[in-house]
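# Structural overview for review
One-letter residues, chain by chain:
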Amino acid sequence: SNFIDNLRVYVRGGTGGMGYPNLGGEGGRGGDVWFVARERTTLKSIREKYPHKRFIAGTGANSSVKALKGEKGKDREVHVPLGISVLDDDGKQIGELNAAGEKFLAARGGLGGSLATNFLPCKGQRRTVHLDLKLIADVGLVGFPNAGKSSLLSKISHAKPEIANYAFTTIQPELGKIMYADYKQISVADLPGLIEGAHANKGMGHRFLKHVERTKQLLLVVDISGFQLSTKTQFRTAFETILLLTKELELYKEELVTKPALLAINKMDLPFAKDNLDKLMTQLENPQDFLHLLEEEMIPANTLEFREVIPISTYTGEGIEELKACLRKSIDEQAEQVNEEYRKKKLLLLQTSK
């Protein structure tokens with residue numbers, strides 16, 4: 001695969017330098033291993049550049065007559081992508097890197113030899129860690145296979161995802177950017193298609209769902225004519241599809257359904273699409289009246305509140321410009337809301353300090 005979102009690496013801090021017993025000299029501390037977030041870095045490039053996936057810092061200098069205090073060993077910096085969670089071998093998160101320049105101490109160097117250690121140096125910290133990538137994007141496209149997410153991404157951005165008429169077209173996340181006339185950019189992530197049971201790791205399961213966590217907003221993409229994965233699975237209407245997508249998000253991580261969300265109703269060029277849309281809009285206006293259509297265990301605890309519902313056709317281009325405008329408006333409103341909350345917090349802090 002061209003896309004890697006998890007990498008297991010070995011890190012070891014440098015050994016300290018020898019002390020100098022006769023003069024009480026202290027060896028230099030071993031170097032540290034740091035993970036540093038950098039843009040335009042991928043886990044794939046790390047694996048290709050360092051196939052052994054071992055990162056070891058420099059040894060501290062020995063104490064000597066000329067330098068009683070030995071110099072610290074050379075640190076080892078490993079450039080990692082933005083959106084990395086650092087996990088230990090037990091799967092516990094020990095660090096996170098989300099912005100360019102952020103650093104995480106992966107392995108500390110050992111102390112140099114001194115009176116306290118009988119002038120013998122200490123070894124550096126050593127461990128195996130997992131670099132787990134969760135894509136950072138403004139908008140995450142959510143939908144069942146063949147809803148048209150890849151086609152939509154190619155229409156609204158400069159991305160060129162593989163597009164074909166079979167269930168799992170997208171087997172790895174794709175990132176695209178919507179460019180506006182005033183040079184504003186919005187990043188959009190097309191994430192591998194969900195299926196029923198994804199929360200339990202069926203299909204792409206957690207490989208897909210973890211990438212939703214760091215997107216600011218969700219754009220559900222639904223086929224107006226409904227969805228059926230195969231002849232062995234049940235047919236779902238557009239309304240049922242929306243509820244099932246919501247349920248999968250909710251079961252994986254409840255706070256996902258609190259994200260701002262928009263709904264794109266795709267394939268409006270198909271026969272009977274207008275009638276199906278009228279029916280769907282009625283169901284969305286009063287979802288409680290239609291929950292009986294689904295089995296009880298498939299009904300989400302909370303239905304998604306959509307900021308906008310936009311009928312589109314990636315085939316004819318219908319509604320694409322309107323969708324881009326709606327995404328821009330929604331992202332701008334969210335940014336303004338965040339700024340307003342920040343201003344209120346600052347004001348509150350000033351008032352309490354006075």
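Per chain, residues are indexed from 1 in the order of the written sequence. For this predicted model, a pLDDT threshold of at least 70 governs which residues receive local features, and a threshold of 80 or more governs which side-chain atom pairs are given and counted, while totals over whole chains, interfaces and linings are taken from all residues. With hydrogens and water set aside, each side-chain value is computed from the structure's full complement of heavy atoms.

This paragraph deals with the packing of helix H2 (residues 149-156) against helix H6 (residues 320-353). Taken N-terminus to C-terminus, the directions of H2 and H6 make an angle of 80 degrees; their axes are 11 Å apart at the nearest point. Taken as axis vectors, H2 and H6 run roughly perpendicular relative to one another. For the pair formed by H2 and H6, the contact residues are Leu152, Lys155 and Ile156 on the first element and Ile320, Leu323 and Lys324 on the second. Throughout this entry, Asp, Glu, Lys and Arg are counted as charged residues, while Ala, Val, Leu, Ile, Met, Phe, Trp, Tyr, Cys and Pro are counted as nonpolar. The remaining residues, Gly among them, count as polar. Counted by class, the contact of H2 with H6 contains four nonpolar, no polar and two charged residues. Convention adopted: a line fitted to C-alpha atoms gives each axis, helices being fitted over their contacting stretch, and angles between N-to-C directions are expressed from 0 to 180 degrees. Secondary structure follows DSSP: runs of H or I at least 4 residues long count as helices, runs of E at least 2 residues long count as strands, and numbering of each begins at the N terminus. For classification purposes, an angle smaller than 35 degrees is called roughly parallel, one larger than 145 roughly antiparallel, one from 65 to 115 roughly perpendicular, and anything else oblique. Any two residues having at least one pair of non-hydrogen atoms within 4.5 Å are treated as being in contact.

What follows deals with the pattern of salt bridges. Definition used for salt bridges: Asp or Glu carboxyl oxygen within 4 Å of a side-chain nitrogen of Lys or Arg. Tallied over the entire structure, the rule returns 24 salt bridges. Close ionic contact of glutamate 340 with arginine 343 constitutes a salt bridge, the shortest N to O distance being 2.7 Å. Of this pair, glutamate 340 and arginine 343 both sit in helix H6, three residues apart, which is roughly one turn of the helix. Throughout this description, buried means an accessible area under 20% of the type-specific maximum (1.4 Å probe, protein chains only), exposed means over 50%, and partly exposed covers the range between. On the basis of relative accessible area, glutamate 340 is assigned to the partly exposed category, the value being 32%. Residue classification places arginine 343 among the partly exposed positions, given a relative accessible area of 42%.

Moving on, we come to the layout of surface pockets. To find the voids left in a structure, one rolls a probe of water-molecule size over its atoms. Cavity: a set of points on a 1 Å grid over the protein atoms alone where a 1.4 Å probe fits but cannot get out. Pocket: an open set with protein on both sides within 12 Å along at least five of seven lines, its lining residues, like those of a cavity, having an atom within 4 Å of a point. Grid points are joined across faces, edges and corners, and a volume is the space filled by probe spheres set on the points. There is about 700 Å³ of room inside the largest pocket. As for the largest pocket, its lining consists of 23 residues, and the residues nearest its centre are Thr41, Leu82, Leu135, Ile136 and Leu175. Sorting the residues of the lining of the largest pocket by element identifies helix H1 (43-49) and strand E10 (174-179) as the ones contributing at least two each. For the lining of the largest pocket, the element with the most residues is E10, which contributes four residues.

The relative placement of two aromatic rings is captured by the distance of their centres and the angle of their planes. Any two rings among Phe, Tyr and Trp, with Trp reduced to its six-membered ring, count as a pair given centres within 6.5 Å; such a pair is stacked if its planes are under 30 degrees apart, edge-to-face if over 60, and tilted if neither. Under the defined criterion, the tally for this structure stands at four aromatic pairs. Each ring, one from phenylalanine 35 and one from phenylalanine 104, has its centre 6.4 Å from the other, and the planes form 20 degrees; the classification is stacked. You can see phenylalanine 35 sitting in strand E2 (residues 33-37) and its partner phenylalanine 104 sitting in strand E7 (residues 103-107), a full 69 residues away along the chain. Between phenylalanine 144 and phenylalanine 227, the aromatic rings sit 4.9 Å apart at their centres with planes inclined by 20 degrees, giving stacked as the arrangement. Within this pair, whereas phenylalanine 144 is found in the loop between strand E9 (137-142) and H2, its partner phenylalanine 227 is found in the loop between strand E12 (215-223) and helix H4 (238-252), the two being separated by 83 residues in sequence.

As a further point, take the sheet that holds E2. Ordered in space as E4-E2-E7, the three strands form an open sheet in which the pairing is mixed. Each edge of the sheet is formed by a strand with only one pairing partner; in this case those strands are strand E4 (76-80) and E7. The mean angle between the axes of side-by-side strands here comes to 30 degrees, regardless of whether they run parallel or antiparallel. In short, DSSP must find at least two bridges between two strands for them to pair. Note: E2 against E4, five bridges, orientation parallel. The partner of alanine 37 across the bridge, within E4, is valine 80.

Boundary definitions for the domains trace back to an automatic or database domain assignment. The domain boundaries assigned to the protein chain delineate domain 1 (6-133) and domain 2 (137-338). On a C-alpha basis, the centres of domain 1 and domain 2 stand 43 Å from each other.

So, about the sheet that holds E12. For sheets, the rule is that strands pair by backbone hydrogen bonds, running either parallel or antiparallel. With mixed pairing, the six strands of this open sheet are ordered in space as E10-E11-E9-E12-E13-E14. Each end of this open sheet is capped by a strand with a single partner; those strands are E10 and strand E14 (306-311). If you compare each strand with its neighbour and ignore which way they point, the axes differ by 25 degrees on average. As paired elements, E9 and strand E11 (residues 185-190) share three bridges and run parallel to each other.

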